[in-house]
Amino acid sequence: MQQEEEERRLKEEEEARLKKEREEFERLEKKRLEQEKWEKLEAKDLERKNEEAAELSLLERCFSKAEQMKREVRLISQWKHYLQCDGHPDPTVAQEINTYISLWREETNETFEQVIQKSDQVLSLIDKLTLMLFETPPFDLQHKNITQYKGSILELQDLLFLKFNRATEILLRQASALADLDSGNMEKVIQAENITVYLWANLKKNPRQRSVRFCGSEIGFEIPRVLATSDIALRLLHTHFDHVSPLPTVTPFDHAPEPGGEDTAVKAAGSALAETAASPEPEAAAGSPEPEAAGSSEAEALDSLVESPTEDLLSAQDEEAEVQEEAPEEPRPESSLHVTVGEEEDPKAGTQELELALLSQRVSAAQLKMLENVQDKPHFFEDDEVDMCQFSTLGGVYHLDVLELPPQCKPMKGWVIVRVLQEGLQKYIYPPETTEEADVENAFPPIEVTLQVHKNVVFFENPLVARWDPQVKLWKTDGISHTSYNPESRLVSFSMDTFSPVTLIQDTHINMPFQYWELVPLDVNQALFTVKTVFAKIQIHIKDNLCLLASLDLRNNQDFTFLEGKWMTPISFILALKNAGLNIFPSGHSHFYVLINYKSPKVEVKTYQQMALLSSAFAFGWSKWNIHCDSRKAIFKAREHNPEEESIQDIDCMIVMFTGDRAQRLHVSEYSEDFSEQPQEGSEFHSTLYHMVTGVASPAALDNIRNSSALFVDTVCHMLLSTRPLSYS
């Protein structure tokens, strides 16, 4: 029995050993086959890499073509303004805007109605200058222009408030003639599109009348006895815009060229391209040109430019002058960048191609700058100071002022006599600066204020109230207490120690990170971009070079119709959404306040560019596997669009991984339990996302892609770059 037991044990051990050896052999054989398969895929990808890179480089010229078209639009707009001769200045011309400001400053005795009417034109000029700063790329906007535009904006803002004060003084001089018969005090409400004025003059000085309510509403003040018995006037000037907060220090591209600044990488690339256009390659001279290799070298030049950490970009004028100096004067031979079929060679074609290549470099570098988190972390703020990188003002500014009542007009023998004070309208100091702290709490209690939230603003949480401190030029929350908000009536009530401009603030990143996103084509040159956050689902309709808020689903069921049916350019649309509280656009500081799924800017830029090229036929969307890879890889869903499908959220799609240099379809699906980078059976590697997707596209989809306009592709890319869904989802 012992012998049988020992034999059985030895037999089992031998079987286990053989099984283990067989499994190890199978594992190694499987690994060897997979390695051979992987090497074959890589070898095949390497064979066509140059061809794909050259073709993609030509396709991405659509971004530089779109930039050229936008330049032409800006020039045509200036020319049309010049031809109109309607008396309105061109705000970009320093002489015209300075003359306009000087002439309006000299005008006196304007009523509130006249000032408000003029203010619409002033606000239009400010908006034009602001859009000029945001829409003009950094390589087309010089530092002196930025300084000029910002200086003009500040002068127009200061002059506008000066006019409001003068109009208030003129109106208060007539307070006795406009007094209410019941209360004996003057109450005046002036409403306009961008401004609302509430004005109350204390003529009777009744100590019992301490509640001031305008037009029978809850908007108004609860004032202490010392103000109820004083010669004062209360003014609530609600500007539906914020001209109190400091202006942005940079354009959306984060870097504007300094005067005389040079970028070594751009100059080197420009010189190399100039030499390429000026002298033929040896192969070309021998009669065997290789356009694929030429396209590859160009793509490598572009990649090297995008990867270089440049701070300033060489201006177009400097580059053109440099090219003219290096290029010979005789007609140039055919350049490797010049691609034509069946046409006679144009002597200017080489120059045009060179200019287009240089513009493409600058556009690529500018797109990369949009995603680079180059700003330093915001400096430390005190507990009562508002960090404007973390919070945003919404609904404009409420200028709360207590004013000294000026001398009243007196009719006398058919004349109206009034004593005009040389110092103009004066503010009433409350509480007095010489009062001791103990007396302030007793004799000068806080003022209770009730304000109406602007109808075109969405608050997802109770708004915070902040006051403007002109000494430190910051919004602060000290001196404000007992804040309450009624979302149904949209009324905010609070107490404040003294009168000052106040505003309502909300966390800028309240809608970040996103829960879900997708880009679905609707037709050629039309797409629907959807972003779902914790509080809202926003759908943006992109058509050609315009954007429209197609749908807005708010979790709290608020009604928001302000932007319905309004087609706008991308920059105008982004600013409108931000001003409405629907901010889904990260800034250079957002990664300090939001936990993000960081992706390399280079990978993001290339992904968004190629998504935009395919957006007329293919849908892309969020994948849960994107957080399972590192920053050098992006994973998302992709599917050829079916007109019957409005969304790809619950549809089985191919899972794509893109590193910027390689695109592959993954074996896993959105419903798999474990993540794997194993490629899909039967799929191949491609060096570009574009070629991987078009390799499985139908003829109809390929036609839609080829018929996409440059402006549409540029607009889609701009919206993707502005929202950064791969990093902020």
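Residues numbered from 1 in each chain as written. Predicted model: local features only at pLDDT ≥ 70, side-chain atom pairs only at ≥ 80, totals over all residues. Heavy atoms only, no water.

Asks: Help me understand unusual backbone geometry, please; the structure alone is not making it clear to me.
Replies: Peptide bonds are, in most cases, trans, and in most cases residues other than glycine have a negative phi. Residue Pro431 follows Tyr430 across a cis peptide bond; omega there is -10 degrees. Residue placement: Pro431 occurs in the loop between strand S8 (415–417) and helix H13 (437–443). Cis rather than trans, the peptide bond between Met512 and Pro513 has omega equal to -5 degrees. A positive phi angle is found at Lys205, which is not glycine, with a value near 55 degrees. Tracing the backbone through its elements, the reader meets Lys205 in the loop between strand S2 (195–201) and strand S3 (211–213). The residue Arg724 is not glycine, and still its phi comes out positive at about 50 degrees. For Arg724, a relative accessible area of 3% corresponds to the buried category. (Helix = DSSP H or I, 4+ residues; strand = E, 2+ residues; numbered from the N terminus. Buried < 20%, exposed > 50% of the residue type's maximum accessible area, 1.4 Å probe, protein only.)

Asks: Any chance you could explain the pairing of strand S13 (residues 491–496) here in plain terms?
Replies: Residues in a regular strand point their side chains to alternate faces of the sheet. Counted residue by residue, S13 has five buried out of six residues, so it is predominantly covered. Sheet topology places strand S9 (residues 447–452) next to S13; six bridges connect them, and they run antiparallel. Residue pairing across strands places Gln452 opposite Leu491, the latter belonging to S13. The pairing of strand S12 (residues 480–486) with S13 spans five bridges and is classified as antiparallel. Within S13, the residue paired with Ile480 across the bridge is Met496. Taken together, S12 and the strand that follows it, S13, pair antiparallel across an intervening segment of four residues, in which Arg490 is found at a positive phi of about 55 degrees. (Pairing = 2+ DSSP bridges.)

Asks: Is there a simple way to think about the sheet that holds strand S5 (residues 232–239) in this case?
Replies: Either a parallel or an antiparallel arrangement is found when strands of a sheet pair, and the pairing is made through backbone hydrogen bonds. Across the sheet, which stays open at both edges, the seven strands sit in the order S1-S2-S5-S6-S14-S10-S11 with antiparallel pairing between neighbours. Looking along the sheet, the strands with just one partner apiece sit at the ends: strand S1 (186–191) and strand S11 (474–476). When strand polarity is set aside, the average angle formed by the axes of neighbouring strands in this sheet is 25 degrees. Along the sheet, helix H6 (residues 143–173) makes contact with S1, S2, S5 and strand S6 (391–404), crossing S5 at roughly 140 degrees. (Axes fitted to C-alpha atoms, helices over the stretch in contact; angles between N-to-C directions. Contact = heavy atoms within 4.5 Å.)

Asks: Got a minute to help me understand the packing of helix H5 (residues 112–135) against helix H14 (residues 570–579) in this structure?
Replies: A pair of packed helices can be characterised by two numbers: the angle between their axes and the separation between those axes. Contact geometry of H5 with H14 gives a least axis separation of 10 Å together with a crossing angle of 110 degrees. The angle between H5 and H14 falls in the class roughly perpendicular. Handedness of the crossing formed by H5 with H14: right-handed. For the pair H5 and H14, the contacting residues are Leu131, Phe134 and Glu135 in the first and Ile571, Ser572 and Leu575 in the second. Broken down by class, the residue content of the contact of H5 with H14 amounts to four nonpolar, one polar and one charged. (Parallel < 35°, antiparallel > 145°, perpendicular 65-115°, else oblique. Left-handed = near helix turned anticlockwise from the far one by under 90°. Nonpolar A, V, L, I, M, F, W, Y, C, P; charged D, E, K, R; others polar.)

Asks: I would appreciate a short explanation of the sheet that holds S12 in the present structure.
Replies: Pairing is antiparallel in the open sheet, where five strands are placed in the order S3-S4-S9-S13-S12. Each edge of the sheet is formed by a strand with only one pairing partner; in this case those strands are S3 and S12. Pairwise comparison of adjacent strand axes, ignoring direction, gives a mean angle of 15 degrees for this sheet.

Asks: What's the story with the pairing of strand S15 (residues 516–523) in this structure? I'm lost.
Replies: Of all eight residues in S15, six are buried; the element is thus mostly enclosed. The pairing of S15 with strand S16 (residues 526–532) spans seven bridges and is classified as antiparallel. Bridge pairing in S16 places Pro521 opposite Ala527. Where S15 folds back onto S16 in an antiparallel hairpin, the turn is made up of two residues, including Asn525, whose phi is positive at roughly 65 degrees. The sheet contact formed by S15 and strand S19 (residues 618–621) spans two bridges and is antiparallel. Considered in S19, the bridge of Leu519 is made with Phe620.

Asks: Would you explain helix H3 (residues 61–84) in this entry?
Replies: Along an α-helix, residues three or four apart share an orientation, since each turn contains 3.6 residues. Compared with the 34 Å implied by 1.5 Å per residue over 24 residues, the 35 Å span of H3 between its first and last C-alpha is a close match. All of the buried residues along H3 are Arg61, Cys62, Phe63, Ser64, Ala66, Glu67, Arg74 and His81. Following H3 by one or two positions, Cys85 has its phi on the positive side, about 50 degrees. (Expected span 1.5 Å × (residues − 1).)

Asks: Looking at this model, I keep getting lost on the environment of Glu169. Mind explaining?
Replies: Among the structural elements, Glu169 can be located in helix H6. Judged by relative accessible area, Glu169 falls into the buried class, the value being 10%. Apart from residues no more than four positions distant in its own chain, Glu169 is found in contact with Pro406, Leu421, Gly424 and Leu425. A distance of 3.0 Å separates the side chain of Glu169 from the side chain of Arg173, its partner in a polar contact. (Polar contact = N/O pair within 3.5 Å; in protein donor to acceptor, adjacent residues only side chain to side chain.)

Asks: Explain the packing of aromatic side chains here, please?
Replies: Ring pairs (aromatic) are described by centroid distance and by the angle formed between their planes. Tallying each qualifying case throughout the model produces 13 aromatic pairs. A centroid spacing of 5.5 Å and a plane angle of 25 degrees characterise the contact between Trp79 and Tyr82, whose relative ring orientation is stacked. Taken as a pair, Trp79 and Tyr82 lie in helix H3 at a separation of three residues, close to a single helical turn. According to the relative accessible area criterion, Tyr82 is exposed, its value standing at 56%. An aromatic cluster of three or more residues is present, and its members are Phe221, Tyr430, Phe444 and Phe499. Positioned over the ring face of Phe139 is Arg362, at 5.7 Å from the centre of the ring. (Phe/Tyr/Trp six-rings, centres within 6.5 Å; stacked < 30°, edge-to-face > 60°. Lys NZ or Arg CZ within 6 Å of the ring centre and 35° of its normal.)

Interpretation note: all reported values are geometric properties and have no functional meaning in isolation.
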